Amino acid sequence: MRRLMFRKKGILEWEETQPPVITSENQVILEPIAIARCDLDLPILRGETLFRAPFPVGHEFIGKIKSVSEDLTNLYSEGMIVASTFQISCGTCPACLIHHSNSCESVPYTSGYGMPPGAHSFGGAIADEIKIPFAKQMLLEIDKKINPVGIASLSDNIAEVWKLAGRFLNQKKNPKVLVVGGHAGSIGLYTALFLHQTKKAEVIYVDTNPTRVQLAESLGIPVEHFVQFPKPTKKYDLVCDASANKLGWDFAVRSLGRNAIFSSASIFWTNQWEIPYLEMYNQGVEIHLGRVESKDSMEALYPFILSGEFTPEKIVTNQVSFHDAKDAWLEESIKLVITK
């Protein structure tokens, strides 16, 4: 079968490899039919992260079932459309049982598709086939009325919506929410769109990138465009940071009101990072950092998508065929989806 490999900085190549096979119970082979590029994928290809080539790429995907292990024939059938978590998790270890499947103890820590270390063992989603090793834990059946293209990012960039905002909304009554856009481009937009469409908060989206601001504004989201982030003048109950840059981060953390919540999707590749500690301490701020819980977040957001209350497909800005994935994966766009 064919899969797309990250060979070295700025270089992708198709590779022929052996197709995956079912080797034990609770396994499924999928054909990826909609694969989204994560906000982190371009920085990886540019050499801006700690991930080093070579490895197969792609971790956000919707698939069509091709075959299942015999024990699953009553649960899954050929042709069924499913979303898979991008994190590999068993569902039965102590970490999974307390809803920390991003730290599954049955596989090496942080195992997932399309990025090391997991990609070396489990592969990437821009491939003819992909194996799901713990199907009952990792798969979510998708209703036929939902276009797979629109939710190709469900397992990660869309799931971040729940990490950044959704899980906190019951803690605040009609919260004022600031979403700071930036290099985690689609995550900020997905989050602002969810809050705007569900009317669960008073939200404003801010960014220095005019293209992202224009997209948000076209969707009815209140926005503010800055040439560069200024000194904040307003305070918010919840601040969701998707900037992934120092100026955006500083704007976000200084926009926190009393007893506010700060959540971030930014990744900074250092242990040396400043926060206004005394200011945040005196304000009584809660700080939430860390990797998304793919499984729980997918399940929490899916009902909003199924009902039509949340329409993440509006953030997809580019769609190309599997044949053109090699070139398209390197091109700038807010949300790229590869289809098959």
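Starting from 1, residues in each chain are numbered consecutively following that chain's sequence as written. Given that the model is predicted, a residue must reach a pLDDT of at least 70 before its local features are reported, and side-chain atom pairs must reach 80 or more before they are shown or counted; all residues, however, enter totals for whole chains, interfaces and linings. Based on all heavy atoms of the structure, the side-chain values leave hydrogens and waters out of the count.

An unreviewed UniProt entry lists the protein under the name Alcohol dehydrogenase, with Leptospira meyeri as the source organism. UniProt positions are given in the numbering used here, feature names are shortened, and annotations may be inferred rather than shown by experiment. The UniProt entry for the protein carries this comment under Cofactor (unreviewed entry): "Zn(2+)".

1. Things to note about the pairing of strand β13 (residues 256–264)
Of all nine residues in β13, seven are buried; the element is thus mostly enclosed. What makes two strands pair is DSSP finding at least two bridges between them. Think of it this way: any DSSP run of H or I at least four residues long counts as a helix, any run of E at least two long counts as a strand, and we number them from the N terminus. Summarising the sheet, strand β12 (residues 236–241) and β13 pair through five bridges and their orientation is parallel. Each bridged residue has a counterpart across the sheet, and for Cys-240 the counterpart in β13 is Ser-263. Handedness is read with the strands pointing away from the viewer; a crossover is right-handed when the path from the first strand over the helix to the second is clockwise. What joins β12 to β13 is helix α8 (residues 246–253), and the crossover it makes is right-handed. The handedness of the β13 to strand β14 (residues 286–288) crossover, carried by helix α9 (residues 277–283), is right-handed. Each residue's exposure class comes from its accessible area (1.4 Å probe, protein chains only) as a fraction of the maximum for that residue type: buried when under 20%, exposed when over 50%, partly exposed otherwise.

2. Here we look at the pairing of strand β9 (residues 176–180)
In terms of burial, β9 is a largely internal element, four of the five residues being buried. Relative to strand β10 (residues 202–207), β9 runs parallel, the two being bridged by five bridges. In the sheet register, Val-177 faces β10, and the bridge partner there is Val-203.

3. A word on the pattern of salt bridges
Criterion for a salt bridge: a side-chain nitrogen of Lys or Arg within 4 Å of a carboxyl oxygen of Asp or Glu. Applying the stated criterion across every chain, the model contains 13 salt bridges. The salt bridge involving Asp-250 is made with Lys-246; its shortest N-O contact spans 2.8 Å. Taken together, the positions of Asp-250 and Lys-246, both in helix α8 and four residues apart, correspond to about one turn of that helix. On the basis of relative accessibility, which here comes to 24%, the residue Asp-250 falls in the partly exposed class. Taking relative accessible area as the criterion, Lys-246 reaches 35% and is therefore assigned partly exposed. Between Glu-299 and Lys-295 there is a salt bridge; the shortest N-O distance is 3.2 Å. Of this pair, Glu-299 and Lys-295 are both found in helix α10 (residues 294–307), four residues apart, which corresponds to roughly one turn of the helix. One salt-bridge network, held together by shared partners, links Arg-3, Arg-7, Glu-13 and Glu-15.

4. Considering helix α7 (residues 210–218)
Taken residue by residue, α7 has Arg-212, Val-213, Leu-215 and Ala-216 as its buried positions. Along the axis of α7, the buried residues cluster in a sector spanning 160 degrees; they form a single face. When the buried face of α7 is taken as reference, the exposed residues oriented beyond 90 degrees from it are Gln-214, Glu-217 and Ser-218. Here a polar contact is taken to be a pair of N or O atoms separated by no more than 3.5 Å, where protein atoms must pair a possible hydrogen donor with a possible acceptor and residues adjacent in sequence count only if both atoms sit in side chains. Looking at where α7 begins, the residue whose side-chain oxygen comes 3.0 Å from the main-chain nitrogen of Thr-211 is Asn-209. Backbone geometry just downstream of α7 places Gly-220 in the positive-phi region, at approximately 85 degrees. Working definition: the arc comes from the directions between the helix axis and the C-beta atoms, pointing outward to the latter.

5. What about the packing of aromatic side chains?
Only rings of Phe, Tyr and Trp enter the pairing, Trp through its six-membered ring, and a pair is recorded when the two centres are within 6.5 Å. The plane angle decides the type: under 30 degrees is stacked, over 60 is edge-to-face, the rest tilted. One pass over the structure, following the stated rule, counts 14 aromatic pairs. Centroid distance Trp-249 to Phe-268: 5.6 Å. Interplanar angle 90 degrees. Geometry classified as edge-to-face. Within this pair, whereas Trp-249 is found in helix α8, its partner Phe-268 is found in the loop between β13 and α9, the two being separated by 19 residues in sequence. Lysine NZ or arginine CZ positioned within 6 Å of the ring centre and within 35 degrees of the ring normal marks a charge as sitting over the ring. Above the face of the Trp-14 ring, Arg-2 is positioned so that its terminal group lies 4.0 Å from the ring centre. A cation over a ring is seen here: Lys-246 above Trp-273, with NZ or CZ 6.0 Å from the ring centre.

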